Each structure stands twice: as structure tokens, then as C-alpha cells.
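What follows is the residue order along each chain.
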Amino acid sequence: MRDLVLTVPDYPYGAPCWVDLLAHDHVRAKAFYGSLFDWRWVAGDPATGGYTMALLDGRPVAGLSHRPAAAAVRSQWTTYLRVGDIEIARSAIASHGGRPLGQPVRLGALATTSIAVDPGGAYFGVWEPGDLAGSGVLDAPGSLTWNELLTRDYAGVQSFAVGVFGHVFTDETEPDGPRWATAHTGDGNPAFGLAEIEDDWPRDIPAHWVASFATHDLEGTVARAVDLGAGVLQPPFDGPYGLGAVLSGPEGEVFSVLVPDLD
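Throughout what follows, the structure given in this document is the object of discussion. (Residues numbered from 1 in each chain as written. Predicted model: local features only at pLDDT ≥ 70, side-chain atom pairs only at ≥ 80, totals over all residues. Heavy atoms only, no water.)

What follows deals with the nonpolar core. Tyr 33, Phe 37, Trp 39, Trp 77, Phe 213, Phe 255 and Val 257 are the most contacted members of the largest nonpolar core, which totals 28 residues. Of all the secondary structure elements, the ones that give two or more residues to this core are β1 (16–23), α1 (26–37), β3 (52–56), β4 (59–66), β13 (208–214), α4 (218–227), β15 (242–248) and β16 (254–260). If one sorts the elements of this core by residue count, α1 sits on top with 5 residues. Those residues in contact with Trp 77 that lie beyond four places of it in its chain are Val 19, Asp 20, Leu 21, Tyr 33, Trp 39, Ala 62, Gly 63, Trp 209, Phe 213, Glu 253, Val 254 and Phe 255. Formed by 25 residues, the second largest nonpolar core is a distinct cluster that contains Ala 89, Ala 122, Tyr 154 and Ala 183. (Core = buried A, V, L, I, M, F, W, Y, C linked by side-chain atoms within 4.5 Å. Buried < 20%, exposed > 50% of the residue type's maximum accessible area, 1.4 Å probe, protein only. Helix = DSSP H or I, 4+ residues; strand = E, 2+ residues; numbered from the N terminus. Contact = heavy atoms within 4.5 Å.)

Moving on, we get to the side chain of Ser 75. You can see Ser 75 is positioned in the loop between β4 and β5 (76–82). Ser 75 sits in the buried class, given a relative accessible area of 7%. Side chain to side chain, Ser 75 and Glu 251 meet in a polar contact 2.6 Å long. When neighbours within four sequence positions are excluded, Ser 75 is seen to be in contact with Leu 22, Ala 23, His 24, Arg 67, Glu 251 and Glu 253. (Polar contact = N/O pair within 3.5 Å; in protein donor to acceptor, adjacent residues only side chain to side chain.)

Here it is, written out as C-alpha cells:
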């Protein structure tokens, strides 16, 4: 693909390395996220297996996949965890109570991917890199900065992540608060947050991953998103991973904008 810079950060096994948007109306999605994050969309070519990607200063930061109108799954952002071998990962997912969906998809020379559902019902992806190890930028405005998994099966999903990816969890639960923890990859680096959906949450909120995109101006980014048609699901708050807000995109997909705490 022309103008594509493939030099990327190092992603250890089990680390979130990529996100893509499953959406029906690609024209609307491109306009919304392109305006919000200054992304330039590049149509897929043989090198990507036809996969459309968003570029930030020439570096790939996200993908865009087609959601059929009659699809059972809702429009959503999917978080991909880095693996070494897609078939071994699919087997491990099934062995530990998850469910691989469909067949692996090859994105040309870039990567091979597969979608699965964890024991708590959250959709996620696994990413076997080829030429592209993952997002070419992290923590810069308009790029991925953090991922969080919200689930009602807190213990079961934690056990699943340990068995499949070797994650080590640090409990961060505060007295009388909901259970939450930080998952670490084998090298000790924080990988993602795991939070429990409590019983008093509306029952129609499913288990889900939230992809957080970095910004230096939270209020300005939220205001811009609203002007573009976003909904505000959680107004600006000071959370454990930085100052953030949770939004819904053009087709109701959930994502977050975050001023990351990188200390």
C-alpha cells in the first residue's frame, strides 16, 4: 500500500495491538472518525487483502470492516490481542471456554486475524502479525492509548485470559467498589483494564471492550464529537487511566477518548 509506514511499537504476546470498526455505513464512519481524529482513510488493495485502514501521519492506526445490515452482531469497535499462531490461539480459546467465530481472515501480507467470544460474551479478535505488528502509533492524539474489558463474568473471564494469553492480573478494587484489575503481559507491562459490570447496570448493556483514543484536549474533543453526531454515554471523569469520556459513534458503537496518564 502506498504511503504506508509499517514501523510500529513492539507488541508482546497478549497485548492489545489493533482495533477496527465493524460498521454498515462506511461513508458515514469515515467522515465521522476522519474529522474527529484527523485520520486519512486508505481503501484496501492486494497488499491488505482489500482491508480499509485509517492512517495517522502515514501510520496505520485502525481498520474498517463491513457489517451486513442483517448481521446479528451490533456495530462495534473490536480489540485485537497479539498472538504468535492463529490456529493455536483459536484452539486455546476453545479449550478455555471461549468460542472462535468463523474462519481466520488473512489481510494480505499484513496479518491474519480471527474473531472470538470470551466466556462472558464479549467479542474480541486475535492478531497474528505479518508485515504489520499492530497500530503504528500509540498514545498520540488520534491513536489508540488504552483498552478496557467490561464483563459480568469477572472471575471466569480473568481465568480465561490467564489460560489463553498468560496475563497476570493486579487487583485494583477499592473498598465497597466494583471489582477491577489491570492485566499485564508476560514482560510485566500493563495491557488492559478488566472491570465488572455490576448488577445495578441496565441488563441490556452487554459485555464489551472499550477502545480509548488519546487526546490532549478532552473537552474540545468531546464537543467536536457531539457536533459530528456522537452521543455522550459518560461525561468527562477522572479515572484510573487518565481523564476520559465514553461516547457512542454514528451507529451506536462505544468508544472512549482519554488524556492518558503516562507516568
